[in-house]
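Here is what each chain is made of, one letter per residue.
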Amino acid sequence: MAEEFDIIIIGSGAGGGTLAHTLAPTGKRILILERGGFLPAESAAGEPPRMPGTGRYGCAETWYDAHGRPFSPAAHYFVGGATKLYEAALSRLRPMDFASIGHIDGASPAWPFSYAEFEPWYDKAEWLYQVHGKHGEDPTEGSWSQEYLWPPVTHEPMVQQLADELTLAGYQPFHTPTGVMLDELNGPGHAKADADVIAIRPLLNMLNVTLLVDAEVTRLQTDPRGRSVTGVVVNHAGSREVYRGGVVVLAAGAVNSARILLGSACDAHPDGLGNGSGQVGRNLMCHNHTAVTCVVRESEHAVVQETLCVNDFYLGGRDARWPLGSIQLLGGPHADSPDRGTPAPVPRQRDSVTHDGAAVGFRLTTEDLPRPGNRVTIDGHGRVRLAHLATGDAAARLLYRSLRAMLSGTRMMARNAAQAIGPARPSGRPGPADYAGTCRLGADPATSVLDLTCRAHELDNLYVVDASFFPSIGAVSPALTIMANAIRVGEHVAARLGCSPSPSEVALPRQPAPGVMECAAGITRHG
Ligand SMILES: Cc1cc2nc3c(=O)[nH]c(=O)nc-3n(C[C@H](O)[C@H](O)[C@H](O)COP(=O)(O)OP(=O)(O)OC[C@H]3O[C@@H](n4cnc5c(N)ncnc54)[C@H](O)[C@@H]3O)c2cc1C
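Residues numbered from 1 in each chain as written. Predicted model: local features only at pLDDT ≥ 70, side-chain atom pairs only at ≥ 80, totals over all residues. Heavy atoms only, no water.

Looking only at helices and strands, the protein features 8 helices and 26 strands. Relative to its 527 residues, the protein shows a buried fraction of 60%. Contacts in the protein between residues at least 24 apart in sequence constitute 72% of all its contacts with a sequence separation of at least 6. Counting only carbon and sulfur atoms, one obtains 53% of the accessible surface of the protein, whose full area is about 19,800 Å². (Helix = DSSP H or I, 4+ residues; strand = E, 2+ residues; numbered from the N terminus. Buried < 20%, exposed > 50% of the residue type's maximum accessible area, 1.4 Å probe, protein only. Contact = heavy atoms within 4.5 Å. Areas by Shrake-Rupley, 256 points an atom, 1.4 Å probe, with all protein chains shown as cover.)

Reading across the sheet, the 4 strands line up as 4-3-22-21 and stay open at both edges, with mixed pairing between neighbours. Lying at the two open borders of the sheet, with one neighbouring strand each, are strand 4 (70-71) and strand 21 (375-378). Bridge count between strand 21 and strand 22 (residues 384-387): 4 bridges; the pairing is antiparallel. Across the sheet, the residue bridging to Arg-375 is Ala-387, located in strand 22. (Pairing = 2+ DSSP bridges.)

Before going further, it helps to examine the site of the ligand. The ligand sits among 36 residues. The nearest are Gly-15, Glu-34, Phe-78, Ala-89 and Ala-479. A distance of 2.9 Å separates an oxygen atom of the ligand from a polar atom in the backbone of Gly-15. Contact between the ligand and Pro-478: an oxygen atom at 3.3 Å from a main-chain N or O atom of the residue. When the ligand sits alone it has 990 Å² of accessible area, and the protein chains cover 96% of it. For the shell around the ligand, the secondary structure elements donating two or more residues are helix 1 (14-23), strand 12 (215-222), helix 5 (254-262) and helix 8 (479-496). (Near = heavy atom within 4 Å. Polar contact = N/O pair within 3.5 Å; in protein donor to acceptor, adjacent residues only side chain to side chain.)

Turning our eyes to something else, we now look at the packing of aromatic side chains. Overall, the coordinates contain 14 aromatic pairs when judged by the stated rule. Between Phe-98 and Tyr-115 the ring centres are 5.9 Å apart and the planes differ by 75°, which places this aromatic pair in the edge-to-face class. Here Phe-98 is found in the loop between strand 4 and strand 5 (101-103), whereas its partner Tyr-115 is found in helix 2 (residues 115-128), with 17 residues between them in sequence. Taking the relative accessible area as the measure of exposure, Phe-98 reaches 4% and is therefore buried. On the numbers, 5.7 Å between centres and 5° between planes, the contact of Phe-113 with Phe-118 is stacked. The exposure class assigned to Phe-118 is buried, which follows from its relative accessible area of 0%. (Phe/Tyr/Trp six-rings, centres within 6.5 Å; stacked < 30°, edge-to-face > 60°.)

To continue, consider helix 5. Of all 9 residues in helix 5, 9 are buried; the element is thus mostly enclosed. If you check which residues of helix 5 are buried, you get Ala-254, Val-255, Asn-256, Ser-257, Ala-258, Arg-259, Ile-260, Leu-261 and Leu-262.

Let us now look at the side chain of Asp-194. Take Asp-194: it is sitting in the loop between strand 10 (191-192) and helix 4 (195-200). Residue classification places Asp-194 among the buried positions, given a relative accessible area of 3%. Residues in contact with Asp-194, not counting those within four places in the same chain, are Thr-83, Lys-84, Tyr-86, Tyr-129 and Ala-199.

Okay, the confidence of the model for the protein next. Confidence in the prediction for the protein averages 86 pLDDT; 84% of positions are at 70 or higher. Segment residues 43-54: pLDDT under 50, and 24 contacts once partners within four positions in sequence are set aside and those in other chains are kept. Contacts from residues 510-527, a stretch scored under 50 in pLDDT, to residues over four places away or in other chains number 43 contacts. Two summary scores accompany this predicted model of the complex, namely pTM at 0.91 and ipTM at 0.99. (pLDDT = per-residue confidence, 0-100.)

Following this line, the structure appears as structure tokens:
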């Protein structure tokens with residue numbers, strides 16, 4: 001007899017962890033199924049990746065590209081998901097990202113609701129993840145309900161100098177909104193606000209919450225008519241187990257959620273669960289990232305550089321007719337390494353001094369459009385195949401030109417701009433956490449997988465709350481939008497179950513996480 005829960009959440013990352021945090025105060029019995037374990041904090045965290053192609057914190061999985069060529073996906077399977085590795089830049093999408101926008105490569109579709117309608121959940125997510133920032137600095141930002149509760153992370157002198165010079169030249173640089181438990185007045189003790197530390201750990205003493213680690217969901221079972229999910233099949237540390245939940249929420253990330261749905265095909269859903277529209281796995285999007293390294297005078301060296309962003313070209317601006325994207329300082333040459341596999345506690349120590357000056361890294365992000373042919377499929381053996389041809393290359397080139405023009409006026413370059421500003425190089429192969437859009441939400445079941453509450457159009461008790469739901473991805477980091485949406489959906493699920501959650505009932509961590517967490521395998525049942 002399978003064990004029964006009120007709510008089963010598959011995945012504990014930005015979406016799943018935040019959803020669990022939202023629902024835990026309802027007192028409903030919640031099971032969180034997480035494929036990975038806890039990521040130990042370790043001194044080696046800053047070392048270069050050890051596993052070629054996967055990064056130190058990757059996994060040994062093999063996926064296949066559109067031509068059937070194998071590759072390592074650099075997936076990060078941990079409690080907290082990819083937020084254990086993220087840089088915690090927690091930005092809102094711009095209001096125009098919720099509308100249809102014309103890009104060089106075509107139109108980005110509108111969301112079924114507006115920025116203003118979604119804004120209250122941004123506010124809640126910023127509070128939960130302790131985002132440090134300052135509203136009003138970024139010219140492209142939408143309205144906000146209240147100022148950030150925490151001030152922006154202070155720029156190091158070199159970054160402040162760059163901000164000042166750009167401001168003088170008429171640009172509008174702003175502080176990167178950053179999720180970090182940081183007390184600049186009272187000494188160190190900083191720690192990254194990720195889904196493990198912020199959302200999951202405060203739940204571990206709650207009697208109604210069970211976290212099962214080393215628990216990979218392999219399939220969802222339905223009733224014979226295929227109207228609701230009746231069983232969640234799990235490979236738990238090598239043994240097959242089945243759990244039942246009144247509500248089942250997929251939050252395994254955009255690739256793995258699609259993979260689970262496609263792999264759960266049955267008589268009632270021959271093309272995959274909830275895939276009557278044929279949209280599951282399609283519209284795969286991944287930001288088009290370009291890295292640029294510049295050399296500044298060594299005296300300008302700064303360790304923490306990612307505190308500064310520029311969105312002056314987000315909508316085009318200056319000479320460009322088309323939306324181009326965002327620019328963020330990223331640090332030295334290691335900042336955007338192809339593996340992207342080293343964790344990025346914020347702020348972090350990095351060696352970015354080179355033989356002829358100090359390195360400053362910039363990450364240029366342009367929007368990738370949802371294309372039906374960009375998709376996740378699985379083969380007869382359940383292996384993942386990713387077909388993805390990025391859009392946004394022309395915008396990326398124009399954004400690079402805009403960056404050069406912007407920086408060439410600054411005094412801090414070690415030499416003249418032509419030598420000091422390096423070439424644009426594409427970031428390495430994206431990992432699963434970079435993807436979005438494989439189960440997009442929409443009002444029309446013929447063209448979308450999820451309704452506006454992120455419930456599958458075709459299944460009464462199945463929700464998806466990870467990056468899959470994005471109809472379009474914009475050109476800012478996605479995690480805050482995933483978190484905000486998870487709170488939104490959590491409130492809906494609570495109401496559906498006759499409860500009203502109050503996030504304040506769950507204690508928020510105010511202290512850094514313990515230095516070393518033990519890797520847990522097996523059931524972690526607390527209380
Ligand atoms: C190096 C790096 C830096 C980044 N920096 C930023 C940043 O600064 N700002 C930003 O906004 N975004 C950033 N991102 C992206 C951000 O982390 C992701 O967009 C976000 O975490 C995605 O949330 P998610 O819920 O979709 O998936 P995840 O957070 O990855 O969570 C998915 C969870 O599901 C689990 N899982 C997968 N398959 C199964 C299964 N079959 N059964 C059970 N569990 C499963 C995984 O282990 C994981 O815990 C970064 C990502 C990386 C890798």
